[in-house]
Amino acid sequence: MAPKSRVENRAEQTRAIQETARRHLAEVGPAALSLRAIAREVGLVSSAVYRYFPSRDDLLTELIVEAYDELGDAVERAQDAAGDDLGARFRALCRAIHDWARANPHEYALVYGSPVPGYAAPDTTVTPAGRVTGAFLALALASERAGHTLAATAPLSPAESAALAPVFDAVGAPIGEERLVRWLMAWKTVFGHVSLELFGHMHRGVLDYDAHFEQVTAQLAADLGL
(Lines give C-alpha, C1' and ligand atoms only; values in the text may rest on other atoms or scores of the structure.)
Protein backbone atom coordinates (compact mmCIF):
# COMPACT_ATOMS: atom_id res chain seq x y z
CA MET A 1 0.00 0.00 0.00
CA ALA A 2 1.36 3.38 -0.98
CA PRO A 3 2.11 5.73 1.90
CA LYS A 4 -0.40 8.48 2.52
CA SER A 5 0.35 11.92 1.18
CA ARG A 6 0.81 14.92 3.42
CA VAL A 7 -2.60 16.19 2.37
CA GLU A 8 -4.23 12.84 3.22
CA ASN A 9 -2.49 12.70 6.59
CA ARG A 10 -3.58 16.24 7.40
CA ALA A 11 -7.19 15.50 6.42
CA GLU A 12 -7.18 12.33 8.53
CA GLN A 13 -5.75 14.13 11.55
CA THR A 14 -8.17 17.04 11.17
CA ARG A 15 -11.07 14.61 11.08
CA ALA A 16 -9.78 12.85 14.21
CA ILE A 17 -9.58 16.18 16.03
CA GLN A 18 -13.14 17.11 15.01
CA GLU A 19 -14.58 13.75 16.01
CA THR A 20 -12.81 13.92 19.38
CA ALA A 21 -14.05 17.48 19.84
CA ARG A 22 -17.62 16.32 19.28
CA ARG A 23 -17.24 13.73 22.03
CA HIS A 24 -15.81 16.37 24.36
CA LEU A 25 -18.67 18.66 23.41
CA ALA A 26 -21.07 16.08 24.83
CA GLU A 27 -19.00 15.66 27.99
CA VAL A 28 -18.03 19.21 28.95
CA GLY A 29 -20.00 21.55 26.68
CA PRO A 30 -18.66 24.11 24.20
CA ALA A 31 -17.50 26.68 26.76
CA ALA A 32 -15.10 24.18 28.36
CA LEU A 33 -13.80 22.73 25.11
CA SER A 34 -10.01 22.45 25.41
CA LEU A 35 -7.62 22.06 22.48
CA ARG A 36 -4.97 20.68 24.84
CA ALA A 37 -7.27 17.95 26.13
CA ILE A 38 -8.30 17.04 22.58
CA ALA A 39 -4.65 16.96 21.50
CA ARG A 40 -3.80 14.50 24.27
CA GLU A 41 -6.61 12.16 23.24
CA VAL A 42 -5.64 12.08 19.56
CA GLY A 43 -1.93 11.60 20.41
CA LEU A 44 -0.60 15.04 19.55
CA VAL A 45 1.60 17.27 21.66
CA SER A 46 -0.38 20.30 22.73
CA SER A 47 1.51 22.66 20.43
CA ALA A 48 0.87 20.49 17.34
CA VAL A 49 -2.91 20.79 17.46
CA TYR A 50 -2.63 24.52 16.78
CA ARG A 51 -1.34 23.73 13.30
CA TYR A 52 -4.79 22.35 12.55
CA PHE A 53 -6.92 24.77 14.56
CA PRO A 54 -5.19 27.96 15.70
CA SER A 55 -7.66 28.50 18.54
CA ARG A 56 -10.62 26.99 20.32
CA ASP A 57 -12.86 29.41 18.44
CA ASP A 58 -11.61 28.10 15.09
CA LEU A 59 -12.47 24.58 16.17
CA LEU A 60 -15.90 25.70 17.42
CA THR A 61 -16.55 27.37 14.09
CA GLU A 62 -15.74 24.16 12.25
CA LEU A 63 -18.05 22.17 14.52
CA ILE A 64 -20.84 24.72 14.00
CA VAL A 65 -20.48 24.65 10.22
CA GLU A 66 -20.41 20.85 10.29
CA ALA A 67 -23.59 20.73 12.41
CA TYR A 68 -25.47 23.14 10.16
CA ASP A 69 -24.40 21.22 7.06
CA GLU A 70 -25.39 17.87 8.55
CA LEU A 71 -28.82 19.23 9.37
CA GLY A 72 -29.10 20.84 5.94
CA ASP A 73 -28.19 17.55 4.28
CA ALA A 74 -30.77 15.68 6.37
CA VAL A 75 -33.49 18.17 5.45
CA GLU A 76 -32.68 18.09 1.75
CA ARG A 77 -32.60 14.28 1.65
CA ALA A 78 -35.94 14.07 3.42
CA GLN A 79 -37.58 16.58 1.09
CA ASP A 80 -36.23 14.85 -2.01
CA ALA A 81 -37.64 11.56 -0.77
CA ALA A 82 -41.04 13.18 -0.14
CA GLY A 83 -41.65 13.97 -3.81
CA ASP A 84 -43.41 17.03 -5.23
CA ASP A 85 -46.38 17.40 -2.87
CA LEU A 86 -45.75 20.52 -0.78
CA GLY A 87 -47.57 19.18 2.26
CA ALA A 88 -45.46 16.03 2.23
CA ARG A 89 -42.30 18.08 1.73
CA PHE A 90 -43.19 20.32 4.66
CA ARG A 91 -43.82 17.40 6.99
CA ALA A 92 -40.60 15.73 5.83
CA LEU A 93 -38.71 18.94 6.55
CA CYS A 94 -40.13 19.13 10.07
CA ARG A 95 -39.45 15.47 10.83
CA ALA A 96 -35.88 15.74 9.56
CA ILE A 97 -35.18 18.61 11.96
CA HIS A 98 -36.79 16.71 14.83
CA ASP A 99 -34.95 13.47 14.08
CA TRP A 100 -31.55 15.09 13.56
CA ALA A 101 -31.84 17.12 16.76
CA ARG A 102 -32.68 14.06 18.83
CA ALA A 103 -29.85 12.06 17.27
CA ASN A 104 -27.38 14.93 17.78
CA PRO A 105 -28.54 16.79 20.90
CA HIS A 106 -25.18 18.34 21.75
CA GLU A 107 -24.61 19.59 18.22
CA TYR A 108 -28.16 20.99 18.20
CA ALA A 109 -27.46 22.76 21.49
CA LEU A 110 -24.26 24.18 20.04
CA VAL A 111 -26.05 25.88 17.14
CA TYR A 112 -29.51 26.54 18.61
CA GLY A 113 -28.84 26.72 22.34
CA SER A 114 -27.22 29.32 24.56
CA PRO A 115 -24.40 31.42 23.06
CA VAL A 116 -20.89 30.32 23.99
CA PRO A 117 -19.34 32.98 26.27
CA GLY A 118 -16.63 34.93 24.45
CA TYR A 119 -17.30 33.35 21.07
CA ALA A 120 -18.51 35.36 18.08
CA ALA A 121 -19.49 33.32 15.03
CA PRO A 122 -17.73 34.48 11.85
CA ASP A 123 -19.41 35.08 8.49
CA THR A 124 -18.40 31.59 7.34
CA THR A 125 -21.25 30.19 9.45
CA VAL A 126 -23.94 32.29 7.77
CA THR A 127 -24.45 30.27 4.58
CA PRO A 128 -24.59 26.86 6.33
CA ALA A 129 -26.92 28.31 8.98
CA GLY A 130 -29.27 29.54 6.27
CA ARG A 131 -29.80 26.20 4.57
CA VAL A 132 -32.76 25.09 6.69
CA THR A 133 -34.29 28.56 6.81
CA GLY A 134 -33.90 28.64 3.05
CA ALA A 135 -35.80 25.36 2.77
CA PHE A 136 -38.73 26.90 4.67
CA LEU A 137 -38.65 30.02 2.49
CA ALA A 138 -38.49 27.96 -0.72
CA LEU A 139 -41.61 26.06 0.35
CA ALA A 140 -43.30 29.35 1.25
CA LEU A 141 -42.64 30.68 -2.25
CA ALA A 142 -43.84 27.44 -3.84
CA SER A 143 -47.01 27.65 -1.74
CA GLU A 144 -47.56 31.23 -2.91
CA ARG A 145 -47.24 30.17 -6.52
CA ALA A 146 -49.59 27.23 -5.95
CA GLY A 147 -52.22 29.59 -4.52
CA HIS A 148 -52.68 27.80 -1.21
CA THR A 149 -55.20 29.47 1.07
CA LEU A 150 -53.95 30.43 4.51
CA ALA A 151 -56.02 30.05 7.64
CA ALA A 152 -57.32 33.35 9.03
CA THR A 153 -54.48 35.73 9.83
CA ALA A 154 -54.22 38.77 12.08
CA PRO A 155 -53.63 42.07 10.24
CA LEU A 156 -49.97 42.99 9.86
CA SER A 157 -48.80 46.15 11.57
CA PRO A 158 -46.66 48.66 9.63
CA ALA A 159 -43.81 47.88 12.01
CA GLU A 160 -44.02 44.17 11.16
CA SER A 161 -44.10 44.90 7.44
CA ALA A 162 -40.96 47.01 7.75
CA ALA A 163 -39.28 44.34 9.88
CA LEU A 164 -39.74 41.75 7.12
CA ALA A 165 -37.59 43.61 4.57
CA PRO A 166 -34.49 41.39 4.96
CA VAL A 167 -36.62 38.24 4.66
CA PHE A 168 -38.25 39.50 1.46
CA ASP A 169 -34.74 40.07 0.12
CA ALA A 170 -33.83 36.49 1.05
CA VAL A 171 -36.86 35.08 -0.78
CA GLY A 172 -35.90 36.99 -3.91
CA ALA A 173 -39.35 36.76 -5.55
CA PRO A 174 -42.83 38.22 -4.97
CA ILE A 175 -44.61 36.73 -1.99
CA GLY A 176 -47.50 37.97 0.16
CA GLU A 177 -46.63 39.45 3.52
CA GLU A 178 -49.21 37.39 5.35
CA ARG A 179 -47.88 34.16 3.87
CA LEU A 180 -44.31 35.04 4.70
CA VAL A 181 -45.22 35.82 8.30
CA ARG A 182 -47.07 32.53 8.69
CA TRP A 183 -44.13 30.58 7.31
CA LEU A 184 -41.74 32.36 9.63
CA MET A 185 -44.07 31.48 12.49
CA ALA A 186 -44.03 27.84 11.37
CA TRP A 187 -40.23 27.86 11.26
CA LYS A 188 -40.02 29.29 14.77
CA THR A 189 -42.68 26.92 16.08
CA VAL A 190 -40.81 23.85 14.83
CA PHE A 191 -37.51 24.92 16.37
CA GLY A 192 -39.21 26.13 19.54
CA HIS A 193 -40.94 22.77 19.93
CA VAL A 194 -37.72 20.85 19.32
CA SER A 195 -35.81 23.01 21.81
CA LEU A 196 -38.47 22.62 24.51
CA GLU A 197 -38.42 18.86 24.04
CA LEU A 198 -34.66 18.48 23.82
CA PHE A 199 -33.90 20.69 26.81
CA GLY A 200 -36.41 18.89 29.02
CA HIS A 201 -39.12 21.55 29.27
CA MET A 202 -41.92 19.17 28.27
CA HIS A 203 -40.93 16.37 30.65
CA ARG A 204 -44.08 14.88 32.20
CA GLY A 205 -46.12 17.48 30.37
CA VAL A 206 -46.17 15.52 27.10
CA LEU A 207 -46.09 11.74 27.38
CA ASP A 208 -45.54 10.93 23.70
CA TYR A 209 -43.22 13.39 21.98
CA ASP A 210 -43.59 11.80 18.56
CA ALA A 211 -47.38 11.88 18.61
CA HIS A 212 -47.40 15.47 19.81
CA PHE A 213 -44.86 16.58 17.21
CA GLU A 214 -46.94 15.00 14.46
CA GLN A 215 -49.99 16.90 15.74
CA VAL A 216 -48.03 20.16 15.79
CA THR A 217 -46.77 19.74 12.24
CA ALA A 218 -50.20 18.66 10.99
CA GLN A 219 -51.73 21.81 12.49
CA LEU A 220 -48.99 23.98 10.99
CA ALA A 221 -49.59 22.40 7.58
CA ALA A 222 -53.31 23.09 7.88
CA ASP A 223 -52.67 26.70 8.88
CA LEU A 224 -50.39 27.11 5.87
CA GLY A 225 -53.03 25.75 3.51
CA LEU A 226 -51.05 22.64 2.66
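What counts and what doesn't
- Residues numbered from 1 in each chain as written.
- Predicted model: local features only at pLDDT ≥ 70, side-chain atom pairs only at ≥ 80, totals over all residues.
- Heavy atoms only, no water.
- Helix = DSSP H or I, 4+ residues; strand = E, 2+ residues; numbered from the N terminus.
- Buried < 20%, exposed > 50% of the residue type's maximum accessible area, 1.4 Å probe, protein only.
- Polar contact = N/O pair within 3.5 Å; in protein donor to acceptor, adjacent residues only side chain to side chain.
- Contact = heavy atoms within 4.5 Å.
- UniProt positions renumbered as here; feature names shortened; annotations may be inferred.
- Salt bridge = Lys/Arg side-chain N within 4 Å of Asp/Glu carboxyl O.
- Phe/Tyr/Trp six-rings, centres within 6.5 Å; stacked < 30°, edge-to-face > 60°.
- Axes fitted to C-alpha atoms, helices over the stretch in contact; angles between N-to-C directions.
- Parallel < 35°, antiparallel > 145°, perpendicular 65-115°, else oblique.
- Left-handed = near helix turned anticlockwise from the far one by under 90°.
- Nonpolar A, V, L, I, M, F, W, Y, C, P; charged D, E, K, R; others polar.

- The protein is annotated in an unreviewed UniProt entry as TetR/AcrR family transcriptional regulator of Nocardioides caricicola.

1. With respect to the side chain of Ser195
Inference 1: When you line up the elements, Ser195 lands in helix α9 (residues 177-198).
Inference 2: Of the residues examined, Ser195 reaches a relative accessible area of 15% and is grouped as buried.
Inference 3: In terms of polar contacts, Ser195 uses its side chain to reach the side chain of Tyr108, at 2.7 Å.
Inference 4: Other than its neighbours up to four places away in sequence, Ser195 contacts Tyr108 and His201.

2. Quick word on the UniProt feature "DNA-binding region" (unreviewed entry) in the protein
Inference 1: The residues that UniProt annotates with the feature "DNA-binding region" (unreviewed entry) are residues 34-53.
Inference 2: In the segment residues 34-53, helix accounts for 40% and strand for 0%; the C-alpha atoms at its two ends are 12 Å apart.

3. Some remarks on the pattern of salt bridges
Inference 1: Counted under the stated rule, the structure contains 14 salt bridges.
Inference 2: One salt bridge in this structure joins Arg22 and Glu107, with 2.9 Å as the shortest N-O distance. In this pair, Arg22 is assigned in helix α1 (residues 6-28) and Glu107 in helix α5 (residues 105-112), connecting sequence segments 85 residues apart. As far as the burial class goes, Arg22 and Glu107 line up, both buried.
Inference 3: By sharing partners, the salt bridges in this structure join Arg15, Glu19, Arg22, Glu66, Glu70 and Glu107 into a single network.

4. Topic: the packing of aromatic side chains
Inference 1: The full count for this structure, using the stated rule, is eight aromatic pairs.
Inference 2: On the numbers, 5.0 Å between centres and 35 degrees between planes, the contact of Tyr108 with Tyr112 is tilted. Of this pair, Tyr108 and Tyr112 both sit in helix α5, four residues apart, which is roughly one turn of that helix.
Inference 3: You can call Tyr108 buried: its relative accessible area is 1%.
Inference 4: Aromatic pair Tyr112 and Phe191: ring centres 4.6 Å apart, planes at 40 degrees, arrangement tilted.

5. Here we look at the packing of α5 against α9
Inference 1: Remark: α5 packs on α9, axes separated minimally by 11 Å, with the N-to-C direction vectors making an angle of 125 degrees. Between α5 and α9, the angle is such that the two are oblique. The two elements α5 and α9 cross, and the hand of that crossing is left-handed. The segment α5 lies against α9, with Pro105, Tyr108 and Tyr112 engaging Phe191, Val194, Ser195 and Leu198.
Inference 2: For the contact of α5 with α9, the class distribution of residues is six nonpolar, one polar and no charged.

6. Some thoughts on the UniProt feature "domain: HTH tetR-type" (unreviewed entry) in the protein
Inference 1: Following the UniProt record, the feature "domain: HTH tetR-type" (unreviewed entry) maps to residues 11-71 here.
Inference 2: Overall, residues 11-71 shows 69% helix and 0% strand. The separation of its end C-alpha atoms is 22 Å.

7. Notes on the environment of Leu196
Inference 1: Within the secondary structure, Leu196 is located in helix α9.
Inference 2: The class for Leu196 is partly exposed, based on a relative accessible area of 42%.
Inference 3: Along the backbone, Leu196 and Ala103 are 93 residues apart, and their C-alpha atoms lie at a distance of 15 Å.
Inference 4: With residues near it in sequence (within four places) discarded, Leu196 still touches His201 and Met202.

8. Notes on the environment of Arg22
Inference 1: For Arg22, a relative accessible area of 14% translates into the label buried.
Inference 2: Put simply, Arg22 and Leu63 are 41 residues apart on the chain and 7.5 Å apart in space, counted from C-alpha to C-alpha.
Inference 3: The contacts of Arg22, once residues within four sequence positions are left out, are Leu63, Glu66, Glu70, Asn104 and Glu107.
Inference 4: A distance of 3.1 Å separates the side chain of Arg22 from the side chain of Glu66, its partner in a polar contact.

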